Amino acid sequence: MKFTLTYDVAGAPDGFFVWFLDSAREEDLYKGELAYKSYSMSGRRESDERVVRRTVFQRSLQLPDPVTKLLGANFSEVEDGTFEKADRLWTWKVTPSSQADKIRHEGQLRVEDVDAVRSRLRLDFTYEAKIFGVGGLLESFMEKTLREEWDRTVPFYNRQASA
């Protein structure tokens, strides 16, 4: 399953990525606004060309019962992301703690200028669960979850940008 989300946000693209890559903001967003059970950065490297970051997290999800039985009650995820500075491109791959050989979650985030006061975010997601009997259920659930998370992230960013 593939889907795209598009949002307009306050400020210039470079300002958005400064915010997006800030570790203090990570805490506020994931542990605060999105109420993840856990979220931590386990690694970060930066050069003149890119930022590479690894995070480990556990969403506060009410997974459908058949999915919970399959994935386990302590289901968590690891995100490996790379920001290419010249292209203003964030790419990521998320690896689940169980069924990693059957679940594919990756995507990219581009930010471009709209005008002097706004930027446009374009998020392209791929989420595939090749698990007999519950794959489609998990895909639909995660699409809904990811949409809801970004619907909350953008207003959070806009409040921060205008503060």
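See above for the structure.
So, here's what we can say about the structure.

Cut-offs used in this document
- Residues numbered from 1 in each chain as written.
- Predicted model: local features only at pLDDT ≥ 70, side-chain atom pairs only at ≥ 80, totals over all residues.
- Heavy atoms only, no water.
- Salt bridge = Lys/Arg side-chain N within 4 Å of Asp/Glu carboxyl O.
- Helix = DSSP H or I, 4+ residues; strand = E, 2+ residues; numbered from the N terminus.
- Buried < 20%, exposed > 50% of the residue type's maximum accessible area, 1.4 Å probe, protein only.
- Pairing = 2+ DSSP bridges.
- Axes fitted to C-alpha atoms, helices over the stretch in contact; angles between N-to-C directions.
- Contact = heavy atoms within 4.5 Å.

### Section: the pattern of salt bridges
Thought 1: For the structure on display, the rule yields 21 salt bridges.
Thought 2: The closest approach of N and O atoms between arginine 53 and glutamate 26, which form a salt bridge, is 3.2 Å. Within this pair, whereas arginine 53 is found in strand β3 (residues 50-58), its partner glutamate 26 is found in helix α2 (residues 23-33), the two being separated by 27 residues in sequence. Per residue, the accessibility class of arginine 53 equals that of glutamate 26, and both read buried.
Thought 3: The salt bridge involving aspartate 124 is made with arginine 122; its shortest N-O contact spans 3.2 Å.
Thought 4: Taken together, the shared-partner salt bridges in this structure form one network comprising Asp8, Asp115, Arg118 and Arg120.

### Examining the sheet that holds strand β6 (residues 103-113)
Thought 1: What the seven strands build is an open sheet, ordered β1-β7-β6-β5-β4-β3-β2; its pairing is antiparallel. The two strands at the open ends of the sheet, each matched to only one other strand, are β1 (2-10) and β2 (38-46). Direction aside, the axes of adjacent strands within the sheet are offset by 15 degrees on average.
Thought 2: The sheet contacts of α2 involve β2 and β3, and relative to β2 the element is tilted by about 155 degrees.

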